[in-house]
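Okay, here's what each chain looks like letter by letter:
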Amino acid sequence: MISRRLLHCFNRSSKLLNNKNQYRFESLNDTSNLTEDQVLVQQAALNFTKEHLLPFASEWDQKSQSPIEVYKEAGKLGFACIYSSPDHGGSGMDRVSASLVFEALATACVSTSSYLSILNMNHWIIDTYGNEKQKAEWLPQLSTVEKFSSYCLTEPGSGSDAANMKTFAKKDGGDYVINGSKCFISNAGFSDLYVVMCKTGENERSCILVPSDAKGLSFGKPEVKMGWHASPTASITFDNVRVPQSNLISTEGNGFKIAMTALDGGRVNIASTSLGSAAQCLAKTKEYVGQRKQFGKSIDSFQNTQFRIAEMATDLIASRLLVREAAKKIDLNHPNKTLYASMAKIQATEKCYNIVDQCLQLHGGYGYISEYNIERHLRDLRVNRILEGTNEIMRLIVSRQVIKQ
Ligand SMILES: Cc1cc2nc3c(=O)[nH]c(=O)nc-3n(C[C@H](O)[C@H](O)[C@H](O)COP(=O)(O)OP(=O)(O)OC[C@H]3O[C@@H](n4cnc5c(N)ncnc54)[C@H](O)[C@@H]3O)c2cc1C
């Protein structure tokens, strides 16, 4: 069944389609293995990107400006709750559709697309594991992005070894009193809700909702970063932060499972943003090497350029096929979903980073200056090999699983 939001999104997109505004981001966009609905979602996301992201992404990067209104517009299309159930405002789409949306948005702005992935992860956590009261309280406003949220797992002393977290929530009367800190949290200081993974016992990790007005919550200054300038990142300190025990998601001890299951989706989403960025840079580069002349010839007449284009196109398509397969595995709740999500993240974030680097090289000096936008894509893509679990941790997951099977 097509959700009301999805219908709205189709109508909006078809208006754009009719006025010749269609955004075609690359000739290799093969839709033959997508369903009719998925093709429509992709086109809607591309049109949204053309209208709301493409003209402004450079400025957001230069001014380190988070595009608040664009998230709200994306919320109207159901892009902040793509794979949540429609019962509490979710769009009820599949993970392949989500991947298509993140890929489309990242053709213009990787950091905006990536933070939207975090909004989806948090929405999905509450939709999947929350109780009726928590869903009714938070999901309608998270769906429309009237409220923003942050996913809080990483700590100063536990990044890759996330289970070794120290932040502790101690029971006191009907409350939890939380002490500890988190670091590198996207949108920290600007979100209305923090989805916090913390300990509730020596060997017990739990997931607790902390609203931004909770007393004792404080935030570091936004980090100065290589990329993702449009998405602020900061630390959080919990100093005797008191929240009611009814803010616990699911049961005590279930938090690590919740965090990791959400990350399966997060990894596919992040891999999808790498696809969009690489696809966009490759499309621009094809055009550029056809126009730029050196030694009296266009540079696409050199075999070196032709071979690089061939390798980039092959890597992009191979990555996309694996990312879509991983997305399908999550939809099927397949036993290999974590394996495929990890493989997709390795493949797409590394190959696509290399594609963008090659695109920069083929632009010569022009690739290095910001006007051509390739350097922004390269800076924004670098972190995809680090977050949602580093690619070394992805290799650990893949090797353990492969050796076991
Ligand atoms: C811009 C940005 C946004 C982020 N947003 C969020 C967010 O919203 N929420 C959140 O919770 N976190 C967020 N993170 C944190 C991110 O997920 C972590 O940085 C990441 O998990 C790595 O942890 P670490 O930085 O502590 O590195 P470490 O774990 O210290 O790793 C350092 C290096 O050692 C390697 N390494 C570690 N253990 C092993 C091992 N066993 N075998 C081989 N190699 C190993 C790593 O792969 C890495 O290369 C964000 C980070 C950034 C940079």
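Nothing here was measured: the structure is a model prediction, and the numbers come from that model.

Q: Please set out the overall build of the chain residue by residue, giving values where relevant.
A: Of the regular secondary structure elements, the chain holds 13 helices and 10 strands. C-alpha atoms of the chain, sized along the principal axes, occupy 80 × 50 × 45 Å. A fraction of 76% describes how many contacts in the chain between residues 6 or more apart in sequence connect residues 24 or more apart. Of the roughly 17,300 Å² of accessible surface on the chain, a fraction of 52% belongs to carbon and sulfur atoms. Of the side chains in the chain, 46 bear a positive and 41 a negative charge, and the two mean positions are spaced by 2 Å.

Q: I'd like a description of the site of the ligand, backed by residues and values.
A: In the vicinity of the ligand there are 21 residues, among which T154, S160, F184, T390 and E392 approach most closely. Separating an oxygen atom of the ligand from a backbone N or O atom of L153 is a distance of 2.9 Å. Within the side chain of T390, a nitrogen or oxygen atom sits 2.7 Å from an oxygen atom of the ligand. A total of 970 Å² of accessible area belongs to the ligand in isolation, and the protein chains cover 65% of it. Contributions of two or more residues to the shell around the ligand are made by β1 (149-152), β3 (175-186) and α13 (391-404). Partitioning the shell around the ligand into residue classes produces 12 nonpolar, six polar and three charged.

Q: An account of the packing of helix α5 (residues 95-106) against helix α9 (residues 303-331) is requested, with residue identities and associated values reported.
A: Orientation of α5 relative to α9, taken along the N-to-C sense of each, is 140°, at an axis distance of 8 Å. Between α5 and α9, the angle is such that the two are oblique. For the pair α5 and α9, contact is made by R95, V96, S99, L100 and E103 and by R320, V323, R324, A327, K328, I330 and D331, respectively. Each residue belonging to the contact of α5 with α9 can be placed in one class, and the counts come to five nonpolar, one polar and six charged.

Q: How would you summarise the pairing of strand β2 (residues 168-172) if you had to cite specific residues and measurements?
A: In this sheet, β3 lies alongside β2 in antiparallel orientation, the contact comprising five bridges. The partner of D172 across the bridge, within β3, is D175. Connecting β2 to the antiparallel partner β3 that follows it, the hairpin turn spans two residues, and G173 within it adopts a positive phi of roughly 60°.

Q: I'd like a description of the UniProt feature "domain: Acyl-CoA oxidase/dehydrogenase middle" (unreviewed entry) in the chain, backed by residues and values.
A: As recorded in UniProt, the feature "domain: Acyl-CoA oxidase/dehydrogenase middle" (unreviewed entry) lies at residues 151-241. Counting secondary structure, residues 151-241 comes out at 0% helix and 53% strand; the distance between its end C-alpha atoms is 17 Å.

Q: Quick one: what's the story with the pattern of salt bridges, residue by residue and with numbers?
A: For the structure on display, the rule yields 14 salt bridges. Residue R379 is joined to D61 by a salt bridge in which the shortest nitrogen-to-oxygen separation is 2.8 Å. With R379 in helix α12 (residues 374-382) and D61 in helix α3 (residues 57-63), this residue pair connects regions lying 318 residues apart in the sequence. According to the relative accessible area criterion, R379 is buried, its value standing at 17%. Residue classification places D61 among the buried positions, given a relative accessible area of 9%. Its salt-bridge partner being E103, residue R324 comes within 3.8 Å of it at the nearest N-O pair. Pair noted here: R324 is in helix α9 and E103 is in helix α5, with a separation of 221 residues, a long-range link.

Basis of the calculations
- Residues numbered from 1 in each chain as written.
- Predicted model: local features only at pLDDT ≥ 70, side-chain atom pairs only at ≥ 80, totals over all residues.
- Heavy atoms only, no water.
- Helix = DSSP H or I, 4+ residues; strand = E, 2+ residues; numbered from the N terminus.
- Contact = heavy atoms within 4.5 Å.
- Areas by Shrake-Rupley, 256 points an atom, 1.4 Å probe, with all protein chains shown as cover.
- Lys, Arg positive; Asp, Glu negative; His and termini not counted.
- Charge placed at Lys NZ, Arg CZ, Asp CG, Glu CD.
- Near = heavy atom within 4 Å.
- Polar contact = N/O pair within 3.5 Å; in protein donor to acceptor, adjacent residues only side chain to side chain.
- Nonpolar A, V, L, I, M, F, W, Y, C, P; charged D, E, K, R; others polar.
- Axes fitted to C-alpha atoms, helices over the stretch in contact; angles between N-to-C directions.
- Parallel < 35°, antiparallel > 145°, perpendicular 65-115°, else oblique.
- Pairing = 2+ DSSP bridges.
- UniProt positions renumbered as here; feature names shortened; annotations may be inferred.
- Salt bridge = Lys/Arg side-chain N within 4 Å of Asp/Glu carboxyl O.
- Buried < 20%, exposed > 50% of the residue type's maximum accessible area, 1.4 Å probe, protein only.

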